[in-house]
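# Reading the structure
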Amino acid sequence: MPGTLRTSSGKSKRMTTKISAEKAAQMLKNWDNILILCHKNPDGDTLGSGAGLCHALCNMGKNCKVRCSDTIPAKYDYMEIPLFCGEYEPEHIVAVDVAGENLLGDNLSHYRDKIELDIDHHATNSEFAKFLCLKSDYPAAAQLVYEIILAMGEKITPLIADCLHTGILTDTGCFKYPATTPQTLITAARLMESGANHKWLAERFFMQKSAKTVALEKFALNNLEYGFDGRYALLVLDSKTIAEIQPQTTDTDGLSSFARDFEGVEVSVLLRQTGENTYKVSVRTSEKADATKIACAFGGGGHVRARGATATGDIDDIKKILTEKVKRELCQQTEQTETEL
């Protein structure tokens, strides 16, 4: 069973036990009064995974609700997420698509040492929960949640299918990201068979653009900074521009990968100002570069092709650090290519 260990600082750290989807399903079947936590700045995967699992557990007659540190964008209202308002005393805390305790956000910080099960797909998971169900080769946590719900013997209703399909769609870029596997496509097809409205969801997240999204993309086209012969693209979205455009959270969803789709761009970075001398760092890369090596100077979590972090300091200093990291990564990739040739 999990225990604790002492770190070099003398603080105790919970030891994590890694479990299978089948074991996670068995645990959830035996639990009641469950609270599911999503990560801060919620996206389609954490919300879809949390809502889908919550609906399945509620259909089994259990008390189960969802909490998120931040307000959930109206764009996800169709998920009908049952939000926790203190209706019961949670006995079991579950996190979904959460790679580290810090990603829960300040409003959920009091749950950090109480999380019993973490269901995740990030290779960078810090193993903070008592039990961890991890599939780091899955492009979305929703793919793993789908398997857990099936292992519980619960039916995938059209509502659950829409939730989980959203998670897979958004975290795979509508199946275009390299982490997409044949099994991912099979899972998506099974969800469609269960009632997921693929056409409506794909249009909602990848074809429809708000006026503010268009304004952000116009700003990006006029303010992108390029480097290393066009292989690197950087965009700084400062507080002044944010105040002028006043975008909703979902309006900025695709901005971090906007320039990565341009021919020749291998590394795309978005610096979005969140406070005085504080920026949210979003790194997106092609298969020729590693996002984790570029963003490592600022910590954070994510994947080889997509990583997020928070940077504090003077914007010029932050840009210099990023440029050096990008240079090192692109040079290394060039040397590997030349060696292979």
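Please read these numbers as outputs of a predicted model, since none were measured by experiment. (Residues numbered from 1 in each chain as written. Predicted model: local features only at pLDDT ≥ 70, side-chain atom pairs only at ≥ 80, totals over all residues. Heavy atoms only, no water.)

## Considerations on helix α6 (residues 198–206)
Buried within α6 are the following residues: Leu 201, Ala 202 and Phe 205. Relative to the axis of α6, the buried residues are bounded by an arc of 100° and lie together on one face. At its buried positions, α6 is contacted by α4 (158–171). (Buried < 20%, exposed > 50% of the residue type's maximum accessible area, 1.4 Å probe, protein only. Helix = DSSP H or I, 4+ residues; strand = E, 2+ residues; numbered from the N terminus. Arc of directions from axis to C-beta. Contact = heavy atoms within 4.5 Å.)

## As for the nonpolar core
Core analysis: the biggest nonpolar cluster contains 50 residues, and Leu 28, Ile 36, Leu 53, Val 94, Leu 117 and Ile 119 have the highest contact counts within it. If sequence neighbours within four positions are ignored, Leu 28 has contacts with Ile 34, Leu 53, Leu 57, Lys 62, Val 94, Leu 117, Ile 148 and Met 152. With 20 residues, the next largest nonpolar core counts Leu 271, Tyr 279, Ala 289 and Ala 291 among its residues. (Core = buried A, V, L, I, M, F, W, Y, C linked by side-chain atoms within 4.5 Å.)

## Describing the packing of α4 against helix α5 (residues 182–193)
Helix packing geometry: the angle between the two helix axes and the distance between the axes. Packing of α4 against α5 brings their axes to within 9 Å, and their N-to-C directions diverge by 155°. Here α5 runs roughly antiparallel to α4, going by the angle between their axes. For the pair α4 and α5, the sense of crossing is left-handed. Contacts from Ala 161, Leu 164, His 165 and Ile 168 in α4 reach Thr 184, Thr 187, Ala 188, Leu 191 and Met 192 in α5. (Axes fitted to C-alpha atoms, helices over the stretch in contact; angles between N-to-C directions. Parallel < 35°, antiparallel > 145°, perpendicular 65-115°, else oblique. Left-handed = near helix turned anticlockwise from the far one by under 90°.)

## Points about the packing of aromatic side chains
For the structure shown, the criterion picks out 5 aromatic pairs. Where Phe 84 meets Tyr 88, the ring centres are 5.3 Å apart and the plane angle is 70°; that geometry is what we call edge-to-face. In terms of burial, Phe 84 and Tyr 88 fall into one category: buried. (Phe/Tyr/Trp six-rings, centres within 6.5 Å; stacked < 30°, edge-to-face > 60°.)

## Points about the sheet that holds strand β13 (residues 301–302)
Read across the open sheet, the 6 strands follow the order β9-β10-β11-β12-β14-β13; overall the sheet is mixed. The sheet terminates laterally at β9 (225–227) and β13, the two strands that pair on one side only. In terms of strand pairing, strand β11 (residues 267–275) meets strand β12 (residues 278–285) through 8 bridges, oriented antiparallel. Counted as the bridge partner of Gly 275 is Thr 278 from β12. (Pairing = 2+ DSSP bridges.)

## Some details on the confidence of the model for the chain
Scored by pLDDT, the chain comes out at a mean of 91, with 93% of its residues at no less than 70. In this model residues 3–11 is a low-confidence stretch, pLDDT under 50, and it forms 13 contacts with partners more than four residues away in sequence or in other chains. pLDDT under 50 marks residues 337–341. Its contacts with residues more than four places away, or in other chains, come to 0 contacts. (pLDDT = per-residue confidence, 0-100.)

## Section: the environment of Leu 164
Within the fold, Leu 164 resides in helix α4. By relative accessible area, which is 0% here, Leu 164 ends up buried. Separated by 19 residues in the primary sequence, Leu 164 and Val 145 have C-alpha atoms spaced 7.7 Å apart.

## Quick notes on the pairing of strand β8 (residues 131–134)
Relative to β8, strand β3 (residues 17–18) runs parallel, the two sharing 2 bridges. Counted as the bridge partner of Thr 17 is Phe 131 from β8. Inspection of the sheet shows strand β7 (residues 115–120) paired to β8 by 4 bridges, in the parallel sense. By the bridge assignment for β8, Ile 119 is matched with Cys 133.

## As for the state of the cysteines
Inspection of the entire model under this criterion finds 0 disulfides. With no disulfide partner, Cys 68 has as its closest neighbouring cysteine sulfur the one in Cys 38, 5.6 Å distant. Owing to a relative accessible area of 14%, Cys 68 belongs among the buried residues under this scheme. In this model Cys 85 remains outside any disulfide bridge; the closest cysteine sulfur is found in Cys 54, 12 Å from its own. (Disulfide = S-S within 2.5 Å.)

## Considerations on the environment of Ser 257
Note that Ser 257 resides in the loop between α8 (239–245) and β11. Of the residues examined, Ser 257 reaches a relative accessible area of 11% and is grouped as buried. Spatially, the C-alpha atom of Ser 257 lies 25 Å from that of Glu 101, the residues being 156 residues apart in sequence. The contact partners of Ser 257, leaving out residues within four places of it in the chain, are Tyr 177 and Arg 284.

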